[in-house]
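Residues per chain are reported as follows:
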Amino acid sequence: MRNPIIGGNWKMNKGIPSEAAEMLKELIPLVKKIRYVDIVIAPPFTAISSVIQTVEKTNIMVGAQNMYYEEKGAFTGEVSAIFLKALGCKYVILGHSERRDIFNENDDLINKKLKKALNSDLIPIVCIGEHLEERETGKTKEIIENQFNRTFKDLKSKEISKTIIAYEPIWAIGTGKTATPEQAEEIHIFIRELIESSYGKITAEKVRIQYGGSIKSNNAKEIFEKENIDGGLVGGSSLQSKSFYEIIIAAEEAFEE
Ligand code: PGA
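So, here is what we can say about the structure in this document. Every value quoted in this text rests on a predicted model; they were computed, and no experiment measured them. (Residues numbered from 1 in each chain as written. Predicted model: local features only at pLDDT ≥ 70, side-chain atom pairs only at ≥ 80, totals over all residues. Heavy atoms only, no water.)

## Points about unusual backbone geometry
With a phi close to 55 degrees, Lys 14 is a non-glycine residue in the positive phi region. Summarising the element assignment, Lys 14 is placed in the loop between strand E1 (5-9) and helix H1 (17-31). Non-glycine residue Asn 104 carries a positive phi angle of around 55 degrees. Of note, Asn 104 is situated in the loop between helix H4 (97-102) and helix H5 (107-119). By relative accessible area, Asn 104 is classed as exposed at 64%. (Helix = DSSP H or I, 4+ residues; strand = E, 2+ residues; numbered from the N terminus. Buried < 20%, exposed > 50% of the residue type's maximum accessible area, 1.4 Å probe, protein only.)

## Points about the site of the ligand
Near the ligand there are 13 residues, and of these Lys 11, His 96, Glu 168, Gly 174 and Ser 214 occur at the shortest range. In the model, an oxygen atom of the ligand is placed 2.6 Å from a nitrogen or oxygen of the His 96 side chain. The contact in question runs from an oxygen atom of the ligand to an N or O atom on the side chain of Glu 168, over 2.7 Å. The fraction of the free accessible surface of the ligand (280 Å²) that becomes covered by protein chains is 96%. Classifying every residue of the shell around the ligand by side-chain character gives four nonpolar, seven polar and two charged. (Near = heavy atom within 4 Å. Polar contact = N/O pair within 3.5 Å; in protein donor to acceptor, adjacent residues only side chain to side chain. Areas by Shrake-Rupley, 256 points an atom, 1.4 Å probe, with all protein chains shown as cover. Nonpolar A, V, L, I, M, F, W, Y, C, P; charged D, E, K, R; others polar.)

## Remarks on the sheet that holds E1
Spatial strand order, E1-E2-E3-E4-E5-E6-E7-E8: eight strands in a closed barrel with parallel pairing. The mean angle between the axes of side-by-side strands here comes to 25 degrees, regardless of whether they run parallel or antiparallel. Relative to strand E7 (residues 208-212), strand E6 (residues 164-167) is paired through four bridges, and the arrangement is parallel. Looking at the pairing, Ala 166 lines up with Gln 210 of E7. The sheet strands contacting helix H9 (residues 181-199) are strand E5 (123-128), E6 and E7, and the helix crosses E7 at an angle near 150 degrees. (Pairing = 2+ DSSP bridges. Axes fitted to C-alpha atoms, helices over the stretch in contact; angles between N-to-C directions. Contact = heavy atoms within 4.5 Å.)

## Here's the deal with the pairing of strand E3 (residues 60-64)
For a regular strand, side chains alternate in direction, first toward one face of the sheet and then toward the other. Of all five residues that make up E3, five are buried, and the element is covered over most of its length. Residues of E3 alternate between two faces, with Ile 60, Val 62 and Ala 64 on one and Met 61 and Gly 63 on the opposite face, all of them buried. Relative to E3, strand E2 (residues 38-42) runs parallel, the two sharing three bridges. Within the sheet, the bridge partner assigned to Ile 39 lies in E3 and is Ile 60. Running through helix H2 (residues 45-54), the crossover from E2 to the neighbouring parallel element E3 is right-handed. Two elements, E3 and strand E4 (residues 91-94), share two bridges in a ladder whose sense is parallel. Considered in E4, the bridge of Ala 64 is made with Val 92. For the crossover from E3 across helix H3 (residues 81-87) to E4, the handedness is right-handed. (Right-handed = clockwise from strand over helix to strand, strands pointing away.)

## Quick look at the pattern of salt bridges
Enumeration according to the criterion identifies 19 salt bridges in this entry. The salt bridge involving Glu 71 is made with Lys 116; its shortest N-O contact spans 2.5 Å. Of this pair, Glu 71 sits in the loop between E3 and H3 while Lys 116 sits in helix H5, and the two are 45 residues apart along the sequence. Taking the relative accessible area as the measure of exposure, Glu 71 reaches 39% and is therefore partly exposed. Among the residues examined, Lys 116 registers a relative accessible area of 17% and is labelled buried. Of the charged contacts, one joins Arg 135 and Glu 130 as a salt bridge, the two residues approaching to 2.8 Å between their closest N and O atoms. (Salt bridge = Lys/Arg side-chain N within 4 Å of Asp/Glu carboxyl O.)

## As for the pairing of E6
Side chains Ile 164 and Ala 166 of E6 all project onto a buried face; the interleaved residues Ile 165 and Tyr 167 project onto the opposite face, where all are buried too. Judged from the four bridges that link them, E5 and E6 form a sheet pairing that is parallel. Looking at the pairing, Ile 128 lines up with Tyr 167 of E6.

## Quick word on the state of the cysteines
Taken as a whole and judged by the stated rule, the model has zero disulfides. This cysteine, Cys 89, is not joined by any disulfide, and Cys 127 carries the nearest cysteine sulfur, 16 Å off. In this structure Cys 127 comes out as buried when scored by relative accessible area, which is 2%. (Disulfide = S-S within 2.5 Å.)

This is a description of form; function is not addressed.
Have a look at this one:
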């Protein structure tokens, strides 16, 4: 059984520690009784340290939104996996479409970061997804397959089992346009088939695949009820404790049923 994982990707929001703490102090008591859902918050780098202190001894875990694959050196503005581990981060989001589209990250770079994260004992949450024109011209599966092959290149089966894949159709991110549960499930099944063809059925059944893109309290449950959708990566709705909690509860209920 794959238990769901809900990630709150705060993007470039709540980077001031006091703002982050304010939200988390509301969230912590709300999620106290959550049993099955793994809850991860990914704040900006500037708030990671204080967020880790705030969520100590709670069931909330912390991730970073990015990292570089080298350990140290002349890489101005970058942060390494060792630094994140030393702070107490457990997760790292890699290859988010905003990193790909705004900061020109490609599959090869993300593959290097992914291997470094795994070697450093960070759990990677790796995003893949198609643009609107790619979906409209029927290229979704081709794009996903290419991204999958390049991004996860040369990963061992033990490594892919630890990796969390986030399917995030780019046209659904921050747009209020969610993929229907059927559209999302179709691609989740496709991704699981890709894993199966390289690593076999047992591994494919282990990998958690999240959906991401305009998840809200009112559409979360129907998405999480799909068999191949193991939770979600949430942007906008993770910024307020109430909406984020409602999404976590939706995942918990979908899992229990
Ligand atoms: P959104 O963002 O929920 O605001 O659409 C999701 C994401 O980018 O991970």
